[in-house]
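Listed below are the residues making up each chain.
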There are 2 protein chains.
Amino acid sequence: MQLEDYAVLINDALNRQETIVFGCHCTIRYSGRAESRLSHGDRLFIIKRDKALLIHQPHGSMPINYMKAGSTHSVVFLDGELRFKAVNGAAKESIEATISRVHFFNSASLQDGEVIELVGSERDMSDMLYSNPEMIEEGFTAASREEQTKYGFIDVFGTDKNGVLTVVECKRYGADLSAVTQLRRYVEKVMVSKGITKVRGILAAPKITENAKKMLEDWGFTFISVKPPKYLEDENKRQARLDGF
Amino acid sequence: MQLEDYAVLINDALNRQETIVFGCHCTIRYSGRAESRLSHGDRLFIIKRDKALLIHQPHGSMPINYMKAGSTHSVVFLDGELRFKAVNGAAKESIEATISRVHFFNSASLQDGEVIELVGSERDMSDMLYSNPEMIEEGFTAASREEQTKYGFIDVFGTDKNGVLTVVECKRYGADLSAVTQLRRYVEKVMVSKGITKVRGILAAPKITENAKKMLEDWGFTFISVKPPKYLEDENKRQARLDGF
DNA sequence: GGGGAGAGATGCCGC
DNA sequence: GCGGCATTTCTCCCC
């Protein structure tokens, strides 16, 4: 297979809306929101049926260059090399690659309409706390859950055992300074909206950094250690127990 | 090629540290920080030489499941299907896929030691402002740039024409509420550290949301519209000018 | 389409 | 390793 033959192969596959994968030796230039150059090396190109483009180096998790779905791709053979060009008009972005060798190539009409089911998000965490307010604090009453209240996107909003309005902010990961400032912003908004000065803030997360804890305490807020729920893990544990018998 | 033959192919390629790509019909389960399930459909599997795993649906920019570099992968043929398993981090995370058909397969020893050159980051933006303080304000004097001052990671720190201490926070994208709270946090930290009450805050970004602008003004801070630098674009423009003659 | 916030965020750099 | 923060963040949801 000659290098120029891949131009036909790629353009045909693009027209057929196939998923395209090829490994090649190339240089790459990107221009758009930022700009980048990448000198000679082996990379993996992926073009999906929705015309999303991913260019990967042979290491690392993230694409080294990419373009969103709805882009326009073309390949021409010129001066003994393939000139690949991707353009996203809406985003005013473009990628140009000069390909001097193709190591392998494949394309196929992949079909997949499935949507992933994911458990353990922050939303699941706030659902859990809303349904089990005693996990927040003894005597806590949950009033609203991740609803667009006029106070903002508050995860859980309610009153403590003393009837004090309380904002609960959930983080599925370790809480940092920005989590505290976010909570602070919500608490201040509730205070201004309600015209009151006593509003509590609770940060619920698996853990919290030292600096964030200090800032939290400076503002009189409370930290509670909560992990996001994992149904499948619970299933596995139950299964393990059953298997034990 | 029989389905079971791919087990040998994949395991051999793993041992040779090749970059592996294959399209297949499968179901996927993930368990780790969160948990997920994905029912039958066609997907693209990528395993890199550093053992990073990416699983893509035939649409969208992001992998539907993934595992970081340094994972352990294995494939066995069982009950007429391929059982793929990836494990990482002392078995804290794992992906299991049941593959009922392989549409295509490729592996190759891709080599690439190049590092991308990228222009237009926030760092480039703060460099630009530090070197050209008149872009911030007439009469501005820049004292430090993105240094680990005892006040935190302040992008540009200096004094305005009246000698008032000023914190400049850069955003390469549109500034939002969290950008304002970040600036606020730095300003407050400088005020406490220096024991003074008059510290200015300037937010430098291409644009700012309406709510963020309101909060900024409530706090007496200033917004200036600055875009991140793009050398290549400048080059192109210069080239276009030259071509015009 | 803009705004706001999460993500199995990831990756980078500094201490 | 943790911490703090940018990212060509991307994606989703809601107004």
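Going by the structure above, here's the rest.
Think of each chain on its own: its residues are numbered from 1, step by step along the sequence as written. Chains carry letters and ligands carry numbers; both start at the beginning, A for chains and 1 for ligands, and go up in the order they are written. Totals for whole chains, interfaces and linings use every residue, but because this is a predicted model, local features are given only for residues with pLDDT of at least 70 and side-chain atom pairs only at 80 or more, for both listing and counting. Side-chain metrics rest on all non-hydrogen atoms present in the structure, leaving aside hydrogens and water.

Trainee: Can you break down the relation of the copies chain A and chain B residue by residue, with the values?
Mentor: Rotating chain A by 180 degrees about the axis while translating it 0.1 Å along that axis superimposes it on chain B, leaving an RMSD of 0.6 Å. Given the turn and translation reported, the copies of this chain are related as if by a two-fold rotation axis. Of every C-alpha in chain A, the one belonging to Thr181 of chain A sits nearest the axis of rotation, 3.3 Å from it. Every residue pair with non-hydrogen atoms within 4.5 Å of one another is taken to be in contact. Both copies share a contact surface, since 100% of the interface residues of chain A are interface residues in chain B too. We place the copies in one frame by least squares, fitting the C-alpha atoms of every residue whose pLDDT is at least 70 in both.

Trainee: Hey, could you go over the protein's contact with DNA strand D for me, with residue numbers and the actual values?
Mentor: For this description, a residue counts as near a given molecule or strand if any of its non-hydrogen atoms is within 4 Å of it. In the vicinity of DNA strand D lie 25 residues, with Asn65 and Asn211 of chain A together with Glu122, Arg172 and Tyr186 of chain B positioned nearest. Sugar plus phosphate, as a fraction of atoms of DNA strand D within 4 Å of the protein: 84%. Glu93 of chain A places a side-chain nitrogen or oxygen 3.4 Å from a base oxygen of DNA strand D. In this structure, a phosphate oxygen belonging to DNA strand D sits 3.1 Å away from a side-chain N or O atom of Lys171 of chain B. As used in this structure description, the phrase polar contact means that two N or O atoms lie within 3.5 Å; if the pair is within protein, one of them must be able to donate a hydrogen and the other to accept it, and residues adjacent in sequence are counted only when both atoms belong to side chains.

Trainee: If you had to explain the environment of Gln57 of chain B to someone new, which residues and values would you point to?
Mentor: Helix and strand definitions here come from DSSP, where helices need a minimum of 4 consecutive H or I residues and strands a minimum of 2 consecutive E residues; each element is numbered from the N-terminal end. The topology assignment puts Gln57 of chain B in the loop between strand S3 (53-56) and strand S4 (65-67). Its relative accessible area of 8% is what places Gln57 of chain B among the buried residues. Between the C-alpha atom of Gln57 of chain B and that of Gly23 of chain B, which follows or precedes it by 34 residues, the distance is 9.7 Å. If we ignore the near neighbours within four places in the chain, the residues touching Gln57 of chain B are Lys48, Asp112 and Glu114 of chain A together with Leu38, Asp42, Arg43 and Ile64 of chain B. Side-chain polar atoms of Gln57 of chain B contact the backbone oxygen of Glu114 of chain A, separated by 2.9 Å. Each residue is assigned to one of three classes by its accessible area relative to the maximum for its type, calculated with a 1.4 Å probe on protein chains only: buried under 20%, partly exposed between the two thresholds, exposed over 50%.

Trainee: Mind laying out the packing of helix H3 (residues 177-194) of chain A against helix H4 (residues 210-218) of chain A, listing which residues take part and the relevant values?
Mentor: Residue and element names in this part refer to chain A. Fitting a line to C-alpha atoms yields each axis, with helices limited to the stretch in contact; the angle taken between N-to-C directions then spans 0 to 180 degrees. As a packed pair, H3 and H4 sit with axes 8 Å apart at the nearest point and diverge in direction by 20 degrees. Taken together, the axes of H3 and H4 are roughly parallel relative to one another. Crossing geometry of H3 relative to H4 is assigned as right-handed. On H4, the residues touching Leu177, Val180, Thr181, Leu183 and Arg184 of H3 are Asn211, Ala212, Met215 and Leu216. In this classification, the charged set is Asp, Glu, Lys and Arg, the nonpolar set is Ala, Val, Leu, Ile, Met, Phe, Trp, Tyr, Cys and Pro, and all remaining amino acids, among them Gly, are polar. Tallied by class, residues from the contact of H3 with H4 come to six nonpolar, two polar and one charged. Any angle from 65 to 115 degrees is called roughly perpendicular, while one under 35 is roughly parallel, one over 145 is roughly antiparallel, and all others are oblique. In this scheme the crossing of two helices becomes right-handed for a clockwise turn of the near helix relative to the far one and left-handed for an anticlockwise turn of less than a right angle.

Trainee: Account for the protein's contact with DNA strand C, naming residues and giving values.
Mentor: Among the 24 residues in the neighbourhood of DNA strand C, the closest are listed as Lys171, Arg172 and Tyr186 of chain A together with Tyr66 and Asn211 of chain B. Between DNA strand C and Asn65 of chain B, the relevant distance is 3.1 Å, taken from a base oxygen to a side-chain nitrogen or oxygen of the residue. In the model, a phosphate oxygen of DNA strand C is placed 2.9 Å from a nitrogen or oxygen of the Thr209 of chain B side chain. Those elements giving two or more residues to the surface near DNA strand C turn out to be H3 of chain A together with S4 and helix H4 (210-218) of chain B. Per-element accounting of the surface near DNA strand C gives the leading share, three residues, to H3 of chain A. Considering only residue class, the surface near DNA strand C consists of eight nonpolar, seven polar and nine charged.

Trainee: An account of the packing of aromatic side chains is needed here, citing residue identities and associated values.
Mentor: Classification of ring pairs rests on two measures: the distance between centres of Phe, Tyr or Trp rings, Trp counted by its six-membered ring, which must be within 6.5 Å, and the angle between planes, read as stacked under 30 degrees, edge-to-face over 60 and tilted in between. Inspection of every chain in the model, using the stated rule, returns nine aromatic pairs over all chains. Consider the rings of Tyr6 of chain A and Phe105 of chain A, whose centres lie 6.1 Å apart with planes at 50 degrees: the pair is tilted. Residue Tyr6 of chain A is found in helix H1 (residues 3-15), and its partner Phe105 of chain A is found in strand S7 (residues 93-108); the two are separated by 99 residues along the sequence. Given a relative accessible area of 15%, Phe105 of chain A falls into the buried group. Relative to Phe45 of chain B, the ring of Phe22 of chain B has its centre 4.9 Å away and its plane inclined at 15 degrees; by these criteria the two rings are stacked. Taken together, the residues span a long stretch of sequence, with Phe22 of chain B in strand S1 (residues 19-31) and Phe45 of chain B in strand S2 (residues 35-47) at a distance of 23 residues. Phe45 of chain B matches Phe22 of chain B in its accessibility class, with the two residues each being buried. Chaining the aromatic ring pairs together yields one cluster made of Tyr6, Phe22, Phe45, Phe84 and Phe105 of chain A. Between Arg145 of chain A and the ring centre of Tyr130 of chain A, over which it is positioned, the NZ or CZ distance is 5.3 Å. Put simply, a charge is over a ring when the Lys NZ or the Arg CZ is close to the ring centre, within 6 Å, and near the line of the ring normal, within 35 degrees.

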